[in-house]
Each structure stands twice: as structure tokens, then as C-alpha cells.
Amino acid sequence: MITGRERSELKKMAQGIKPCVMIGKEEVTPTVIKAIDDYLEAHELVKVQIQDGAVLDPKETANEIASELGADFVQAIGRKFVLYRQSSDPDKRRIVL
């Protein structure tokens, strides 16, 4: 679980990244979960966009995915949300909180 100060730092970092994973009309599939999991392992911070064809609530979807992957919900703005999870490989850790 991240603290308020850590969440604030992660929000600042997330401003500079573009959405890396898109959730479309098929909504949250195992492929989407795998893509987010892989991206979190490599980069620790991922921004996800829910496209217009999907009828999902961003905050609810983010919390469900975060709990499934053992990640932390950082923020949701509009149809985008950000997740954080520290990499299990110490050599791949980029973010120091």
C-alpha cells in the first residue's frame, strides 16, 4: 500500500507518460490483464485508457485490475487510470519512493 506522499509523486511521474494499454469494446480480457502485468513488471507505472466503445467505470475497473495484479491504484482522470507495482526484479526497479 502506498502513502499519500508516494501517490502524489507517482501522479507527477504519470503526467509525462502516454497510455500504453487500451481497453476496448471487449472490455477486460485475459490479454489485457497480461499486457498490464507485463508492462508493470518492466516499467512499474502504467497508464491505461478505456476507449469509447467500452462501458466501464474507470475507477472501478482500475481497482479490480489492481487487486487482481497486486498493484496500487494511483489515479483515474476521465477515461484513463494509472497503476503502480514495484518490479519483482531488483535490476528492473526504476521508481524509488
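Structural data are supplied above this passage.
Remember, predicted model here, so these are calculated numbers, not experimental data.

Definitions and cut-offs
Residues numbered from 1 in each chain as written. Predicted model: local features only at pLDDT ≥ 70, side-chain atom pairs only at ≥ 80, totals over all residues. Heavy atoms only, no water. Helix = DSSP H or I, 4+ residues; strand = E, 2+ residues; numbered from the N terminus. Buried < 20%, exposed > 50% of the residue type's maximum accessible area, 1.4 Å probe, protein only. Areas by Shrake-Rupley, 256 points an atom, 1.4 Å probe, with all protein chains shown as cover. Lys, Arg positive; Asp, Glu negative; His and termini not counted. Charge placed at Lys NZ, Arg CZ, Asp CG, Glu CD. Core = buried A, V, L, I, M, F, W, Y, C linked by side-chain atoms within 4.5 Å. Contact = heavy atoms within 4.5 Å.

Participant: I'm lost on the overall build of the protein in this one. Help?
Facilitator: In terms of regular secondary structure, the protein is built from 3 helices and 4 strands. Starting at the N terminus, the α and β elements of the protein follow one another as α-β-α-β-α-β-β. Structurally, the protein occupies a C-alpha span of about 35 × 25 × 20 Å along its principal axes. Buried residues in the protein amount to 38% of all 97 residues. On the protein, roughly 5,900 Å² of surface is accessible, and the fraction owed to carbon and sulfur atoms is 48%. Computed over 15 positive and 16 negative side-chain charges, the inter-centroid distance for the protein is 7 Å.

Participant: What is the right way to read the nonpolar core from this model?
Facilitator: Counting residues in hydrophobic clusters, the biggest one holds 19 residues, and the most contacted among them are Ile23, Ile36, Ile65, Phe81 and Leu83. Those elements that place two or more of their residues in this core are β1 (21-23), α2 (30-43), β2 (45-50), α3 (58-69) and β4 (80-84). Once residues lying within four places of it in the same chain are set aside, the contact partners of Leu83 are Ile36, Leu40, Glu44, Leu45, Val46, Ala62, Ile65, Ala66, Asp72, Phe73 and Val74.

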